[in-house]
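Listed below are the residues making up each chain.
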Amino acid sequence: MPLSQPVSSGQQNRALGLSTYAFTICFAVWTIFAIIGIEIKAELGLNDTQFGLLVGTPILTGSLVRLFLGVWTDQYGGRIVFPLTMLASAASTLLLSHADTYLLTLLAALGLGLAGGGFAVGVAYVSKWYPQERQGAALGFFGMGNVGAAVTKFVAPFVMVAMGWQAVAQIWAVVLAITAVAFFLFAKDDPELAARKISGEKPKGLMEQLEPLRNEQVWRFSLYYFFVFGAFVALALWLPKYLIGVYGVDIKVAGMLAATFSLSASLFRAYGGILSDRYGARRIMYATFGVSMLCLFMLSYPATDYTIHGIKGDIAFSTSMSLVPFVLTVFVLGFFMSLGKAAVYKHIPVYYPDHVGSVGGLVGLVGGLGGFVLPIVFGAVSDLTGIWTSCFMVLFALVAVALGWMHLAIRQMEQKAAGIDTRSLPQFPEMAGLHDAKAHAGHEARGKVLTDWRPEDSAFWEATGQRIASRNLYLSIPALLLAFAVWMVWSVVVAKLPLIGFDYTTDQLFWLAALPGLSGATFRIFYSFMVPIFGGRLWTTLSTASLLIPAFGIGYAVQNPDTPYFIFLVLALLCGFGGGNFASSMSNIGFFFPKAQKGNALALNAGLGNLGVSVMQFAVPLVITAGVFGALGGAGQPARDGGQLWLQNAGFIWVPFIIASTLLAWFGMNDIADAKASFAEQAVIFQRKHNWLMCWLYTGTFGSFIGFSAGLPLLAKSQFPDVNVLKYVFLGPLVGAISRAATGWVADRWGGARVTFWVFIGMIVGALGVIHFLEAKDFNGFLGAFIFMFFVTGVGNASTFQMIPNIMRQEVPRLMPELDAAQRTRQAEKESAAIVGFTSAIAAYGAFFIPRAFGMSISATGTPLAALYGFAIFYASCAALTWLIYTRKGGLLHEVERGRAPSAPIAQGASA
């Protein structure tokens, strides 16, 4: 903010130096229980929960007073508020040395905690000495006072061993009192307060100071600080005890090792301020949360011993983290926490220049509360679980929530900023990408968010748009292919489970084959709305990475025939992550391309993505016959036919490709800022009867494709046990995927409804053909009939989706006559897109119902014929519905498809 009067660099340096030194001493006092608390715990016989309450009590006081101390600093100046705060804390610290009961110790700890409130005073005081472009570095340097925690950990153990814990409290109290007097004598009033004294202006009242606290943004900043500062304080207090308990070091070594965390989380805060000034606080916060999640994941994993029964004997290994890697990991964690602390406080004087005290005080209050609450949580969780690393598990969950909220808020900001005059935006470093959007014409020069995306502008498209859109498409296709592979992997695994000792009934096996379809279809409904909320780049990254869970789970579960059936049911449901990915992938790619190319792009994404089914059904039977991963993949399982199977490879084989695709998505894809549509805008489709009719028809096409893909391997194995069916069943999904992308022109030429009608006639013929060849025990005819049905479903996938825009172009003028021509076109396109997404979700339930139908039919009658007759009847209903509503003379699309009425633009192949 602008300074009230000119100040020299000498004055700035004096204010910053005195404040930083004072805050260092305050912080050393504030964290004193990290060392002397261990001795007090033993002396008073405290349990972990009582100890957590004791070490957290000063943090509670120091947090609660920060808001008011910040306001008072704005009103009366830091030169008077800071010394008074320090003197009050010094008196309580001296009282602590004479406490001999737990209650009296808690009382003294309450007063001692006032030292922590000095942070809010210093922020409000220092920020008034510097211009906006230098406040990040200045406040970062001031925040280095956190190093006081390291001072206590380095020095206090030696004083305590030599003189007792009471001497530590007395010495720290005296030093704090001397610091308070020195600060009052040598500090000056800040420029704003000095100018106010000259003019006689009264300070702002309390209510006016607290006005910004209504903003959600302030509370979001507070959550960030709850982690970067609150977790830092909590770990600074908890680590000595953790090191002693886990690694068996003595108090002096524990104090020095814990100090490495405090040092890294303090000294680099100034550097975080410099980086925030230069690159923007947002980028620093992303780096902080991202690296912190990685470090905390590593620290969270408890020490575990594994034994793999290998070919030449047992292979044993442990996942425990030794002392040196632990110290290095917490050092890295502390380093990024220090950057994050500076980044959070970079925001405050920029967004709230006239309320630094109140906003900074509240953010500091919530952050400080983290230092109070978290040690108690650590203690309680440790008592409840008996796991040392439970404290890091808590922090991992916390940083995940903070990162999620931050990203959602940034997405909303980017969406609101898209399309407006960027000159009206505030000139903050973290908004640089938005300021430069026009100049860079949608380039990713400033990051991965495309704030100016105009695919319908031919000049823009040729210059930059096509290259970026194509790159996102080419990265989306392998991710979707892997998703379909993992989604359908149970269709092969269940056929092999009985061979390696899993004694499940046929109905139980069909349940395993069907459940991924159930969960995948359900996930699709929700995934359809994720891209506008999270952004296509982040959601593609997360949804692709989620495939690692079922891939690893299958790999481990199938190695032990004693694995409970319930575990397999859960893993089958988790494979549905792959099925859900289709909805978000298609939604994301659809935003990148102009209308003239959207159909082809979606056809490539869907058609090549669906190849994942046939790729999986071709590759898995090969990789399970050899130890592809050696000892890391585990030993093979003896099969009942006398050979060996490495069925775990059915899951493990996808892991390296999933990791590679996840990284490519994160580093290579983009978000589109204005890619948004509210649920309320799309929910109108639930009132459209044609939405539900098309769900019925598309279930007959795509539902059959994905359902047969899931059920065919097990069905073929059960009906032709003497044939190695897994060598051939991949042909069906392969043909279906290719026909979908290659036959869209048929619907373009003859009309989607007419083609769809004949598709269902072909499906009836195919189902009856399968019945005939099953009764004749002819595997070749059986397989050929199924391949024919797969081909026909591919044609039908394109033709049914070709119908949807034409239907809505006819319906919207009737349903919304008040709209003009342009508005009708936009409404029809919006509803068509929503219906496409919803019908794809409903149709995906075919992956559940078709395998279940086969399983129930076999259980009830001994053959799958009843299910196949049921399918034939269903296809007959679809053909009748298509003719009655759409293709007959007088039907909705009869005139359109014969060129006698205006037709909708066709998105060829936009199906799956």
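Residues numbered from 1 in each chain as written. Predicted model: local features only at pLDDT ≥ 70, side-chain atom pairs only at ≥ 80, totals over all residues. Heavy atoms only, no water.

### A look at the overall build of the protein chain
For step 1, the next point in the chain: When helices and strands are tallied, the protein chain shows 41 helices and six strands.
For step 2, the next point in the chain: Total accessible area on the protein chain is roughly 34400 Å²; 67% of this is exposed by carbon and sulfur atoms. (Helix = DSSP H or I, 4+ residues; strand = E, 2+ residues; numbered from the N terminus. Areas by Shrake-Rupley, 256 points an atom, 1.4 Å probe, with all protein chains shown as cover.)

### Here we look at the packing of helix H1 (residues 9-30) against helix H7 (residues 118-127)
For step 1, the next point in the chain: Running from amino to carboxyl end, H1 crosses H7 at an angle of 175°, the nearest separation of the two axes being 10 Å. By the criterion of interaxial angle, the relationship of H1 to H7 is roughly antiparallel. Side by side, H1 and H7 meet where Ala-15, Leu-16, Ser-19 and Phe-23 of the first sit next to Gly-118, Phe-119, Tyr-125 and Val-126 of the second.
For step 2, the next point in the chain: Looking at the contact of H1 with H7 residue by residue, the class counts come to six nonpolar, two polar and no charged. (Axes fitted to C-alpha atoms, helices over the stretch in contact; angles between N-to-C directions. Parallel < 35°, antiparallel > 145°, perpendicular 65-115°, else oblique. Contact = heavy atoms within 4.5 Å. Nonpolar A, V, L, I, M, F, W, Y, C, P; charged D, E, K, R; others polar.)

### Notes on the side chain of Thr-540
For step 1, the next point in the chain: Inspection of the secondary structure assignment puts Thr-540 in helix H26 (residues 536-545).
For step 2, the next point in the chain: Relative accessible area serves as the criterion here: at 12%, Thr-540 is assigned to the buried category.
For step 3, the next point in the chain: The residues touching Thr-540, leaving out its near neighbours within four places in the chain, are Ala-479, Asn-588, Ala-665 and Met-669. (Buried < 20%, exposed > 50% of the residue type's maximum accessible area, 1.4 Å probe, protein only.)

### Looking at the nonpolar core
Across soluble globular proteins, nonpolar side chains show a tendency to be buried alongside one another.
For step 1, the next point in the chain: Counting residues in hydrophobic clusters, the biggest one holds 130 residues, and the most contacted among them are Trp-490, Leu-497, Trp-654, Phe-708, Phe-782 and Phe-854.
For step 2, the next point in the chain: The contacts of Leu-497, once residues within four sequence positions are left out, are Trp-490, Phe-502, Tyr-504, Leu-509, Leu-512, Val-558 and Leu-647.
For step 3, the next point in the chain: Formed by 113 residues, the second largest nonpolar core is a distinct cluster that contains Trp-30, Ala-115, Leu-235 and Val-366. (Core = buried A, V, L, I, M, F, W, Y, C linked by side-chain atoms within 4.5 Å.)

### Some words on unusual backbone geometry
What is expected of a backbone is that most residues other than glycine have negative phi and most peptide bonds are trans.
For step 1, the next point in the chain: The phi angle at Lys-777 is positive, at roughly 55°, despite the residue not being glycine.
For step 2, the next point in the chain: Residue position: Lys-777 is located in the loop between helix H37 (752-775) and helix H38 (779-815).

### Quick notes on the packing of aromatic side chains
For step 1, the next point in the chain: According to the stated counting rule, one finds 35 aromatic pairs in the structure shown.
For step 2, the next point in the chain: When the centroid spacing of 6.0 Å and the interplanar angle of 70° are considered together, the rings of Phe-326 and Phe-392 count as edge-to-face. Here the residue Phe-326 occupies a position in helix H17 (residues 323-351), and Phe-392 occupies one in helix H19 (residues 390-417), the gap between them amounting to 66 residues. Grouping residues by exposure puts Phe-326 and Phe-392 together as buried.
For step 3, the next point in the chain: Ring-pair connections join several aromatic residues into one group, and the members of that group are Tyr-698, Phe-702, Phe-705, Phe-708, Phe-720, Tyr-728, Phe-779, Phe-782, Phe-786, Phe-790, Phe-854 and Phe-871.
For step 4, the next point in the chain: For the cation-ring pair, Arg-79 lies above Phe-184, with the distance from its terminal atom to the ring centre recorded as 4.5 Å.
For step 5, the next point in the chain: A cation over an aromatic ring shows up here: Arg-537 above the ring of Trp-666, its NZ or CZ 3.6 Å from the ring centre. (Phe/Tyr/Trp six-rings, centres within 6.5 Å; stacked < 30°, edge-to-face > 60°. Lys NZ or Arg CZ within 6 Å of the ring centre and 35° of its normal.)

### Here's the deal with a nonpolar patch on the surface
For step 1, the next point in the chain: Where nonpolar side chains cluster on the molecular surface, the patch consists of Phe-68, Trp-72, Tyr-76, Ile-80, Leu-84, Leu-87, Val-181, Phe-184, Leu-185 and Phe-186 and spans about 990 Å² of accessible area.
For step 2, the next point in the chain: Among the elements that line the nonpolar patch, the one with the most residues is helix H10 (residues 165-186), at four residues.
For step 3, the next point in the chain: Structurally, the position occupied by Val-181 is in helix H10. (Patch = residues over 30% accessible without salt bridge, like charges linked within 9 Å, V, L, I, M, F, W, Y side chains within 5 Å. Salt bridge = Lys/Arg side-chain N within 4 Å of Asp/Glu carboxyl O.)

### Focus: the confidence of the model for the protein chain
For step 1, the next point in the chain: Here the protein chain averages 78 in pLDDT, while 81% of its residues score no lower than 70.
For step 2, the next point in the chain: Low pLDDT, under 50, characterises residues 903-912; the predicted model gives this stretch 41 contacts beyond four residues in sequence or across chains. (pLDDT = per-residue confidence, 0-100.)

### A look at the environment of Ile-567
For step 1, the next point in the chain: Following the sequence through the fold, Ile-567 ends up in helix H28 (residues 565-574).
For step 2, the next point in the chain: For Ile-567 and Gly-553, which are 14 residues apart along the polypeptide, the C-alpha to C-alpha distance reads 9.1 Å.

### Examining the packing of H26 against helix H32 (residues 655-668)
For step 1, the next point in the chain: The contact between H26 and H32 brings their axes to 8 Å, and the two run at 170°. The orientation of H26 with respect to H32, classified from their angle, is roughly antiparallel. From H26, Arg-537, Leu-538, Thr-540, Thr-541, Thr-544 and Ala-545 reach across to H32, where they touch Ile-658, Ser-661, Thr-662, Ala-665 and Trp-666.
For step 2, the next point in the chain: In terms of residue class, the contact of H26 with H32 is made up of five nonpolar, five polar and one charged.

### Observations concerning the side chain of Thr-389
For step 1, the next point in the chain: By the element assignment, Thr-389 lies in the loop between helix H18 (356-385) and H19.
For step 2, the next point in the chain: On the accessibility criterion, Thr-389 (8% relative accessible area) is buried.
For step 3, the next point in the chain: The contacts of Thr-389, once residues within four sequence positions are left out, are Tyr-242, Leu-299, Ser-300, Tyr-301 and Pro-302.

### Remarks on H38
For step 1, the next point in the chain: When the terminal C-alpha atoms of H38 are compared, their 52 Å separation across 37 residues agrees well with the 54 Å that a helix rising 1.5 Å per residue should span.
For step 2, the next point in the chain: When you tally the buried positions in H38, you get 27 out of 37 residues, the bulk of the element.
For step 3, the next point in the chain: The residue sitting at the N-terminus of H38 and contributing the capping side-chain oxygen is Asp-778; that oxygen lies 3.1 Å from the backbone nitrogen of Asn-780. (Expected span 1.5 Å × (residues − 1). Polar contact = N/O pair within 3.5 Å; in protein donor to acceptor, adjacent residues only side chain to side chain.)

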